[in-house]
Amino acid sequence: MPEVKIRKFLTIVEEIYHEGGRPAEKPLLRGAIVAVIDNPFAGSYHEEITGFMKALEPLGLDMATRLVGALGGDASIVEGYGKGIIVGQNGELEHGALWHAPGGYAMREVLGGAKAIVPSSKKVGGPGTRLDVPITHINASYVRSHFDAMEVGVPDGPRSNEMAVVLVMTTGARIHNRAGGLKAADIKGEDGLR
């Protein structure tokens, strides 16, 4: 399988103090890292593509480590996560599916064995395409306070023969969350759901 060729990284961290109510004592951090890489399958149909997932594993670990660093360097403060990919126009949506395992397992490993499935989104688009990356709690997908999303994109990517792979992490619940449901403090941690 081809090696991963990186053109650039983009890292974004938001500090959210309020959403109209009283400012929080501690801001919610919402961060994303994007790697713009060559799509080795762009331009023609390839039957066998799954081997590229193994090549993406080191990139996933590097990105997850970088993102924890951008959020302050302490993996224990991360409570939410998500992943996504934008495939350039000469690629196909199935190329984006190759990021599911390497991106998700990388975050679980760097975060010390998080249990919940890592939600994801993917699409095909050109430079400047924006992607809403869904976010859930790292240990229980049903924790409603952590249902969130972060919009990401790269101004000059992905080009037609590239992909923009994305990881997102947050340090807590939505600011002023009050939609009820399972609380993070009540997670049982048995199945990644509750």
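Everything below is about the structure printed above this text.
What you see is a predicted model, and the numbers here were worked out from it, not measured in a lab.

## Let's talk about unusual backbone geometry
- With an omega of 0 degrees, the peptide bond running from Gly 157 to Pro 158 counts as cis.
- Mapping Pro 158 onto the fold places it in the loop between strand 6 (148-153) and strand 7 (162-170).
- The residue His 176 is not glycine, and still its phi comes out positive at about 65 degrees.
- When you line up the elements, His 176 lands in the segment after strand 7.

## Here we look at the packing of aromatic side chains
- For the coordinates displayed, the defined rule picks out 1 aromatic pair.
- On the numbers, 5.7 Å between centres and 90 degrees between planes, the contact of Phe 41 with Phe 52 is edge-to-face. Placement of Phe 41 in the loop between strand 2 (28-38) and helix 1 (52-70) and of Phe 52 in helix 1 is noted, with a sequence separation of 11 residues between them. One exposure class covers both Phe 41 and Phe 52, and it is buried.
- One Lys or Arg, Arg 66, reaches over the ring of Phe 9 and ends 3.9 Å from the middle of that ring.

## A closer look at the side chain of Thr 129
- The residue Thr 129 is located in the loop between strand 4 (120-124) and strand 5 (130-137) in this model.
- A distance of 2.6 Å separates a polar side-chain atom of Thr 129 from the backbone oxygen of Gly 126.
- If we ignore the near neighbours within four places in the chain, the residues touching Thr 129 are Ile 86, Lys 123, Val 152, Gly 153, Val 154 and Gly 157.

## Some thoughts on the environment of Glu 3
- In this fold, Glu 3 is placed in the segment before strand 1 (6-16).
- A relative accessible area of 59% means that Glu 3 is categorised as exposed.
- Placed 165 residues apart in sequence, Glu 3 and Val 168 show a C-alpha to C-alpha distance of 24 Å.

About the thresholds
Just so you know, the residues in each chain are numbered from 1, in the order the chain's sequence is written. For this predicted model, a pLDDT threshold of at least 70 governs which residues receive local features, and a threshold of 80 or more governs which side-chain atom pairs are given and counted, while totals over whole chains, interfaces and linings are taken from all residues. Computation of side-chain values covers all heavy atoms of the structure but excludes hydrogens and water. Here a helix means four or more residues in a row that DSSP labels H or I, a strand means two or more in a row labelled E, and each is numbered from the N terminus. Aromatic pairing here means that ring centres of Phe, Tyr or Trp (its six-membered ring) are within 6.5 Å. Orientation follows from the plane angle: under 30 degrees is stacked, over 60 is edge-to-face, and everything else is tilted. When a residue's accessible area, from a 1.4 Å probe over protein chains only, is under 20% of the maximum for its type it is buried; when over 50% it is exposed; and in between it is partly exposed. By definition, being over a ring means that NZ of Lys or CZ of Arg is both within 6 Å of the ring centre and within 35 degrees of the ring normal. Residues adjacent in sequence count toward polar contacts only when both atoms are side-chain atoms; beyond that, a polar contact is any pair of N or O atoms within 3.5 Å, and within protein one must be able to donate a hydrogen and the other to accept it. In this analysis, two residues are considered to be in contact whenever any of their non-hydrogen atoms come within 4.5 Å of each other.

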